[in-house]
Amino acid sequence: MPRSAPIFHFNHERAALVAQTIDRVCAQTRSPLHALNDAAYWETRRLEASRKKGDQDELAEWRALSRKLSRMTDAERRSQLKELVGNYAGDIAGNFDPRVYRLSTRILPSLVTGLLAPGSLPKKLRHPLELLKLDAIADKVVLQGDTARLQKLADKGTLVFVPTHASNMDSIVFGFALELSGLPPATYGAGKNLFTNPILSFFMHNLGAYKVDRRLRFDLYKDCLKAYSCVLLERGYHSLFFPGGTRSRSGAVEAKLKLGLAGTGIESYVSSLRRGAERKVFFVPATINYLITLEAETLIADYLSEAGKARYIIEDDESSRLSRVLAFVRKLFTMRGAVVVRFGTPLDPFGNPVDGDGNSLDARGRVVDTSSFVRDVRGEVSFEPERDAQYTRELATALVDAYRKNTVVMATHVVAAACFEHLRQQAPGADLFNVLRLRDQKISRDELARLVLERRDALRELEKRGEVVLAEDVRDTSGGDLLAQAMSAFSGYHSAPVIEAQPDGIVLRDPKLLLYYQNRLIRHGLAFDPEASTQKPGPRRGGGA
Amino acid sequence: MKPPSIGVLGGGPWGLALAQAATRGPCTTYLYSRRQQDAEVPSVHWTRDLAELAQCRLILVAVPSNLARTVARELGEHLDGSHVLVHGIRGLIGPELNTVSQIFREETPVRRLGALGGPVQADELAAGNPSAMVVAAEFPDVTAAVRDALQSDRLQLHMTRDLRGLEWASALVGCLSIGIGYVQARGSVSPGLLAALISRAVDEAATIAVAAGAEEKTFYGLGGYGDLLASMALTDRPEVVLGRELARGAKLEEARLRARLRVEAIDLVPRVAAFARSRGVSCPVLDAIGKILESSSDAEAIVRALFRG
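I will try to describe carefully the structure that is included in this document. (Residues numbered from 1 in each chain as written. Chains lettered and ligands numbered in written order. Predicted model: local features only at pLDDT ≥ 70, side-chain atom pairs only at ≥ 80, totals over all residues.)

Quick notes on the interface of chain A and chain B
Step number 1: Tallying the contact residues gives 18 residues for chain A and 18 residues for chain B.
Step number 2: Split by residue class, the side of chain A that touches chain B holds five nonpolar, three polar and 10 charged. (Contact = placed C-beta atoms within 7 Å. Nonpolar A, V, L, I, M, F, W, Y, C, P; charged D, E, K, R; others polar.)

Dropping the structure here:
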């Protein structure tokens, strides 16, 4: 790992980062009584439902605090607040636990050597990013977009990468992508539950992750997270957020974003202006596109199941099972271009496009003074949370637009859309769940190839208008070859065949997975949209891993 | 602290009235007009220089909708992200029915955009008679800036965040007012029946605008219902005059002349009707108004259509 990587830098600065976070949250908290009461209420509720010994002790502490709070002086409450915020900030910033690190390094070699088996592996183990730069991976992960512009911008301000989120592999894949593009590593918030998985945890620590405990739902904790993120941005730590908030359950490209953290972009920019040391923040939309998705089966099942709505954090999906991760990675290694990471046009925190010199551009492409967007009618730079919330909403609109335009269509998506269309034709007027019950429908290879081609040609028209991107081996391939590509991608990874070739045609075995993969094209109007059908699976809860 | 200045772009009756209203507030008022200064308005600084106007960070635009894009393009050369641009233009632009704020977004770097609406008339505003106005903006600092500049004990401002809704409401009220003028001139309409027409028209307009992304409730507020109700009594509202003249048998050109001011709604009615059809929304009232403008149906049939579809 290069000496400039943030984890080294980070360990040196960690105490200062945490202290600054604590100061900021304590200064922002107007009523310690209210903040502590609110935290106590939510924590008591959460812990009452738990039977773990540790949780019971914690519960007793919260109850004791609740009882004392009203009798405490303001100074005592402030001090209690500071202690609590200190705990949270310390937990968020993470402990670089050498035991976890050692455990991870013991497991990784067997994983990677089993897959790659190059002789030089052992000595590279202490430098995981070097390891990941191996050509063996480089041609599996295809990079697209103006990385030269991003490299320039990395020197001019703080980059905030905001990719789409489909899989727990995303943070790892995106980490590779940054490394391969010559971009600096980014720090990011990852669900605390992921840190319990030794494989993912290994990468996360080394790629600069901080911990987000999604069980803590009260404002004080969220304030700590935001303040920490803001402090990182102000100090020039390039960051990574998944604005979708959670992995896309349906497989669709995100259309609704959670921008609590992204809103800190404006905050840190304004605060740099007020200090008289402008440090620009550049949001970089990106799409991570998989030919097959590690957790596709769990995600689509969760999307469809009524019970799934209540499952806030999925703890037991494919990414927590070593055998599945291995199978996935092994599969990845057999496919060229199995993952495409595409960077879109960078944006300022207000949603304006940014040129290579870091200038904000208006809709006509003219350079505009970035600071003017946060000046009031008197021309003074001002903090105005409501105004900035609106800018952040407009940034979200620009990001959603960028996701749609930068979606890279793969063979599995086009073929799934064609298959699903065939299924719907078999049951005209049926609702989604009845279509999903159609098992083992057979379609002639020629007919399916025709449906595939029809969709591909429509996508090509969209691509000409800049509304989507086709993967290299999708753009000019015949319908039959696209079908073959998709079948080879599907085979061998998913626990049951998605579609199966038989001498007299193709059998559509798994309508749910077909739905999952075709959903990638919903935003382009070229796949059946389950949300627009009469029987909706219902609104999705946010959060999760 | 010195109060900020406010600029008004457009020297027509509406622009002049806005400038006069602004002089009653705390801001220094600038008025940009290409015309010669032909009216004496105390405390208003006239200018023919857009760069000078752009010294004001709050600018109200009051030009006919067909000039909106050109004006925005020229003004855009002098603005940056610190400006607040608010328009009082009743209209939707082009076959795509873009709102004026969308045009401003395309042509200028300004992000803090807003619109004025509601029943207030230019002459009332100019004279300082008590009246009410709606200001819409997604950015709260826009509505606050307009309120600080214009609100007085004689002008009540109502705020909404539904910018798109207010722009659609203003435009559609213009269209529907033609129908009010027409029906009133036919003579035989009771107040109850007129009220029924207004209710029906507002419902229809709301359904169409919701399909375009507006909020329904905006149509049942001052910027929609309230604005259309005023047409019952505003006998010299240009759209009402136009409808009345057409009911009396005038040709469209004559009626247009008698309305004196430009009636944006004439071109808008068929475009909105086409939009409604494309979204599967039925629009019998608007279709009937289309027939009024085309004089393509006999009057009895039109009145029947207005009330019963």
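Now, onward.
A closer look at the sheet that holds strand S14 (residues 505-508) of chain A
Across a sheet, strands are paired by hydrogen bonds formed along the backbone, either parallel or antiparallel in direction.
Residues and elements named next belong to chain A.
Step number 1: Spatially, three strands are ordered S11-S14-S13 in an open sheet, and the strand pairing comes out antiparallel. Both outer strands of the open sheet, strand S11 (441-443) and strand S13 (499-502), are each paired with one neighbouring strand and no more. The mean angle between the axes of side-by-side strands here comes to 30 degrees, regardless of whether they run parallel or antiparallel.
Step number 2: Here four bridges tie S13 to S14, and the two strands are oriented antiparallel to one another. Residue Glu500 lies in a different strand from S14, and its bridge partner there is Val507. (Pairing = 2+ DSSP bridges. Helix = DSSP H or I, 4+ residues; strand = E, 2+ residues; numbered from the N terminus. Axes fitted to C-alpha atoms, helices over the stretch in contact; angles between N-to-C directions.)

Quick word on the packing of helix H8 (residues 191-211) of chain B against helix H10 (residues 222-233) of chain B
All names here are of chain B.
Step number 1: Interhelical geometry of H8 versus H10 gives an angle of 145 degrees and a closest axis separation of 10 Å. Handedness of the crossing formed by H8 with H10: right-handed. Contact residues: H8 offers Leu194, Ile198, Ala201, Val202 and Ala205, while H10 offers Gly224, Tyr225, Leu228, Leu229 and Met232.
Step number 2: Taken together, the residues of the contact of H8 with H10 break down into nine nonpolar, one polar and no charged. (Left-handed = near helix turned anticlockwise from the far one by under 90°.)

Remarks on unusual backbone geometry
Step number 1: Located in the positive-phi region is A:Asp440, a residue other than glycine, with phi close to 55 degrees.
Step number 2: Tracing the chain through its elements places A:Asp440 in the loop between helix H18 (432-436) and S11.
Step number 3: Phi is positive for B:Leu97, which is not a glycine, with a value near 55 degrees.
Step number 4: Along the chain, B:Leu97 turns up in the loop between strand S6 (92-93) and strand S7 (98-99).

Thoughts on the nonpolar core
Step number 1: Ranked by internal contacts, the top residues of the largest apolar core, which has 135 residues, are A:Cys224 and A:Val409.
Step number 2: In terms of residues, this core owes the most to one element, helix H12 (residues 219-234) of chain A, which gives 10 residues.
Step number 3: No fewer than three residues from each of domain 1 (6-93) and domain 2 (292-335 + 407-545) of chain A sit in this core.
Step number 4: The contacts of A:Val409, once residues within four sequence positions are left out, are A:Val414, A:Leu459, A:Val468, A:Val469, A:Leu470, A:Ala471, A:Val474 and A:Leu521.
Step number 5: With 106 residues, the next largest nonpolar core counts B:Ala171, B:Ala209, B:Val240 and B:Ala288 among its residues. (Core = buried A, V, L, I, M, F, W, Y, C linked by C-beta atoms within 7 Å. Buried ≥ 20, exposed ≤ 12 C-beta atoms within 10 Å, placed from the backbone. Domains from an automatic or database assignment.)

Focus: the pairing of strand S6 (residues 280-290) of chain A
Residue and element names in this part refer to chain A.
Step number 1: With 11 of its 11 residues buried, S6 lies for the most part within the structure.
Step number 2: Relative to S6, strand S2 (residues 157-163) runs parallel, the two being bridged by seven bridges. In the strand pairing of S6, Leu159 is matched with Phe282.

A closer look at the packing of helix H3 (residues 68-76) of chain B against helix H4 (residues 100-107) of chain B
Residues and elements named next belong to chain B.
Step number 1: At their nearest, the axes of H3 and H4 sit 9 Å apart, and the two run at 35 degrees to each other. Here H3 and H4 pass one another in a crossing that is right-handed. Two secondary-structure elements touch here, H3 through Ala68, Arg69, Ala72, Arg73 and Gly76 and H4 through Val100, Ile103, Phe104 and Glu107.
Step number 2: Along the lines of polarity and charge, the residues of the contact of H3 with H4 split into five nonpolar, one polar and three charged.

Re helix H6 (residues 140-150) of chain B
Step number 1: For H6(B), every residue scored as buried is listed here: B:Val142, B:Thr143, B:Ala145, B:Val146, B:Ala149 and B:Leu150. Relative to the axis of H6(B), the buried residues are bounded by an arc of 160 degrees and lie together on one face. (Arc of directions from axis to C-beta.)

Here's the deal with the sheet that holds strand S4 (residues 209-212) of chain A
Residue and element names in this part refer to chain A.
Step number 1: The strand order S1-S7-S6-S2-S5-S3-S4 describes an open sheet built from seven strands, whose pairing is mixed. Each edge of the sheet is formed by a strand with only one pairing partner; in this case those strands are strand S1 (141-144) and S4.
Step number 2: This element, helix H10 (residues 170-180), spans S1, S2, strand S3 (187-191), strand S5 (239-240), S6 and strand S7 (339-343) of the sheet and lies at about 60 degrees to S1.

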